[in-house]
Structure formats: C-alpha cells, structure tokens
Amino acid sequence: MKKVLGLSIVLAVAPVAQAADVEAGKAKVATVCAACHGANGVSVSDTIPNLAAQRAGYLEAQLKAFKDGTRKQQAPTSPTAIMNAIAAQLGTEDIANVAAYFASQPGAATGAKSALLPNVVKTGVTFPEGYKESFTKYHTISFPATKQVRYYYANKAAVAAAKAGKPLPDGSVLFAEVYAAKLDTGGKPVMGGDGFYMADKLVAYTAMAREAGWGKDIPDMLRNADWNYAVFTPDKQLRPGVNQAECLACHKPLDNVSYTFTLKQLAGAK
Ligand code: HEC
Ligand code: HEC
C-alpha cells in the first residue's frame, strides 16, 4: 500500500510536457519561414509547399526528419537542402511552436500566393561589367538533369584570398554563366573537347558578392555574413521575382568555407 502511494506521488510531481507556444511560433515564422512559406503558411511559389492548416504532428515530424537527415537532399542542388539547413537551426521547442502556429492557420485558397519579403529579396549585387577580361574562369560543371553547362568566374579579390587560404573578403564576386547544352538530334547533350557539355544558348547569369553591411537586414537564420545573391537575364538585368532566401538558405551551412561550394576549385585557379 505504501509503495503504491509513493508511486502516485512521483507521478503527480513529474514535469508535464509544455504546450506549444503559438505566439512564439508566429514570431519565428514572421522573420524566417515567411520568406518562403508566407506569414500565414500560404507559400510564395509553386515549388514551395503551403503549410497552413496542415496537422501539427505532421509538420513536427517533417521538421525533425529534415533536422536529423532522415528526410535529406539526394543531390546538393535539391530543394530539400534548403529545409535541411533551416531545420538544423531549430530547437525542439521552436519546432513544436512553428508547427502549432501553421496548424492554427486557415487553409490556403486555390492558387493563393504570398508576397516575397522585401528585406530578404533586396540585393546589393550588380552586373560585373567587363568580367570576361578582369575575372578568372576557374571551373566548369555539366548538369545532366537540366542539360546545362555552367562556367564559373571570380574577381581578383576572391582568387587572391582563396589562394592564400583566407576567408573571401568584402569586394569578392563569384559569377557563373548558365548555358543550355547543345543537343544532338536525339535530344542528348553534345560533349565538347574540354570534356564538358558544349554550350548553346545563354540562359542566365548567377552571382554572389559581399560588401560591408549587405547582410544587416537579413534574419540570422538566413544570413550569410555580408554575402548577397542575384540572378541576371542574358541582357544583364536583375531577374525579377528571384527569392534570395533560397540562395541564402542553401549556401548557409557552408559558413566555414566562405559560403562557397567551389572554394577548392577557386583556390586551385590557374
Ligand atoms: C528559403 C525557403 C524556405 C524557408 C525560409 C523555409 N522553408 Fe520550409 N520548405 C521549403 C522548400 C523548398 C520545401 C520543400 C522541400 C522538399 O522538396 O523536400 C519546404 C518544406 C517544408 C516542410 C515540409 C512540408 C511537407 O508538406 O512535407 C515543412 C514542415 C517546412 N518546410 C517548414 C518550415 C519552417 C517551420 C520554416 C521556418 C523555420 C521554413 N520551412 C522555412 C523552403 C523554405
Ligand atoms: C538547393 C541548393 C542551392 C540553392 C537554392 C542555390 N544554390 Fe548556389 N550553389 C549550390 C551548389 C551545390 C553550388 C555548386 C556548384 C553548382 O552546383 O553550380 C552552387 C554554386 C553557386 C555559385 C558559384 C560559387 C559557389 O558557391 O560555388 C554561385 C554564384 C551561386 N551558387 C549563386 C546562387 C544564387 C544566386 C542562388 C539563388 C538564386 C543560389 N545559388 C541558390 C547550391 C544552391
């Protein structure tokens, strides 16, 4: 009898799991998740899922799976990499809170979309006129999935630092030309003499650059120090509607290599 009584006392004082804090979840969503999923869980683009009115348990399970890597990107360019990077920065309470918040939101109307966050979209990167003469071409990659070939360029400040084994400083510019590969009559990319796909039409340019203060309006969970990102059209204009949050999120885990995937190749530039 005594024993049973003792046990019931232990149970009575055992800590109860804390209820999720919807308001704290809302605040986190407003600064970070809103850049892609919208402040109310209605996402900003067709490639990003709506989270409004999803069950909290499902959202929590997905966030835990992104965090522990059981739901993981298959290729470094897969969009799942974005969520692996974001979820890695969320604690257990954050996960419960944001899940409860999104679950509390009314479901999205068909075709509804949220606006991009202006402070995250704003970029300081401008088109590097004259890059063909002044930059070093340091790398090439063929992309079978998209049938593209990309040529990577860097300015003097970036090349010098990479070669010296130093972090890339303010004033660094990394830049890539994105070409559609030339296709044979069967629609397969044609190999060039350099061992990469032969380039056909220029599709876009993509760029990352850093200057003092460029990161100041970007929330910590997305911020890449003072790096900003941009995509340019073939006629050298900023491509409208680019969500810099995606660039920032995917490059974010590379903080110990200047946020640069191709830093090794850059250090080996001729
Ligand atoms: C930079 C854009 C971006 C940001 C910021 C972002 N997400 Fe995502 N999220 C995505 C993309 C893209 C996917 C789809 C991933 C995939 O294809 O596996 C996704 C998927 C998810 C899913 C899985 C949905 C499903 O139906 O399985 C959850 C849950 C989620 N995000 C929660 C969050 C939370 C919470 C935050 C803020 C802490 C956040 N996301 C911030 C882009 C983003
Ligand atoms: C899903 C992950 C992912 C997203 C999103 C992403 N990148 Fe990258 N980025 C990579 C990977 C992986 C590389 C390595 C080479 C490659 O695949 O082009 C790279 C390379 C680069 C490079 C060459 C320098 C380097 O880091 O090696 C630039 C410039 C660049 N990305 C710009 C952008 C811009 C601009 C955006 C947003 C419009 C963006 N990236 C979004 C994964 C991503």
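Structure: see above.
What counts as what
- Residues numbered from 1 in each chain as written.
- Chains lettered and ligands numbered in written order.
- Predicted model: local features only at pLDDT ≥ 70, side-chain atom pairs only at ≥ 80, totals over all residues.
- Heavy atoms only, no water.
- Near = heavy atom within 4 Å.
- Polar contact = N/O pair within 3.5 Å; in protein donor to acceptor, adjacent residues only side chain to side chain.
- Helix = DSSP H or I, 4+ residues; strand = E, 2+ residues; numbered from the N terminus.
- Nonpolar A, V, L, I, M, F, W, Y, C, P; charged D, E, K, R; others polar.
- Domains from an automatic or database assignment.
- Phe/Tyr/Trp six-rings, centres within 6.5 Å; stacked < 30°, edge-to-face > 60°.
- Buried < 20%, exposed > 50% of the residue type's maximum accessible area, 1.4 Å probe, protein only.
- 1 Å grid on protein atoms, 1.4 Å probe; cavity = no way out; pocket = protein on both sides within 12 Å on 5 of 7 lines; lining within 4 Å.
- Points joined across faces, edges and corners; volume = space filled by probe spheres on them.

Time to look at the site of ligand 1. Within the structure, ligand 1 sits among 24 residues, and Cys33, Cys36, His37, Tyr58 and Met83 are positioned closest to it. Residue Arg71 places a side-chain N or O atom 2.8 Å away from an oxygen atom belonging to ligand 1. Here an oxygen atom of ligand 1 sits 2.7 Å away from a polar atom, N or O, in the side chain of Thr80. Looking at the shell around ligand 1, the elements that each hand over two or more residues are helix H2 (22-37), helix H3 (56-68), helix H4 (80-87), helix H5 (92-104) and helix H9 (244-251). Sort the elements by how many residues they give to the shell around ligand 1 and H3 lands first, with five residues. The residue inventory of the shell around ligand 1, partitioned by class, reads 19 nonpolar, three polar and two charged. Here the shell around ligand 1 gathers at least three residues from each of two domains, domain 1 (22-115) and domain 2 (121-267).

Near ligand 2, the surroundings consist of 23 residues, among which Tyr152, Cys247, Cys250, His251 and Thr262 are the closest. In the environment of ligand 2, a nitrogen atom lies 3.0 Å from a nitrogen or oxygen atom belonging to the side chain of His251. Here an oxygen atom of ligand 2 and a backbone polar atom of Phe261 are 2.9 Å apart. Sorting the residues of the shell around ligand 2 by element identifies strand E1 (136-143), strand E4 (199-210), strand E5 (227-232) and H9 as the ones contributing at least two each.

Taken as a whole and judged by the stated rule, the model has twelve aromatic pairs. Residues Tyr101 and Phe102 carry aromatic rings whose centres are separated by 5.7 Å and whose planes lie at 50 degrees to one another, so their mutual orientation is tilted. In this structure Tyr101 comes out as buried when scored by relative accessible area, which is 4%. When the centroid spacing of 6.3 Å and the interplanar angle of 65 degrees are considered together, the rings of Tyr131 and Phe135 count as edge-to-face. The exposure class assigned to Tyr131 is buried, which follows from its relative accessible area of 6%.

This brings us to the layout of surface pockets. Volume-wise, the largest pocket comes out at about 1300 Å³. What lines the largest pocket is a set of 37 residues, among which Thr77, Arg150, Thr206, Cys247 and His251 lie closest to the centre. Secondary structure elements with two or more residues in the lining of the largest pocket: E1, strand E2 (148-154), strand E3 (173-181), E4, E5 and H9. The element that contributes the greatest number of residues to the lining of the largest pocket is E4, accounting for five residues. Considered class by class, the residues forming the lining of the largest pocket number 24 nonpolar, ten polar and three charged. The residue makeup of the lining of the largest pocket includes at least three contributed by each of domain 1 (22-115) and domain 2 (121-267). The calculated volume of the second largest pocket comes to roughly 590 Å³. When contributions to the lining of the second largest pocket are tallied by element, the ones reaching two or more residues are H2, H3, H4, H5 and H9. Per-class residue counts for the lining of the second largest pocket are 21 nonpolar, six polar and two charged. For the lining of the second largest pocket, the two domains that each supply at least three residues are domain 1 (22-115) and domain 2 (121-267).

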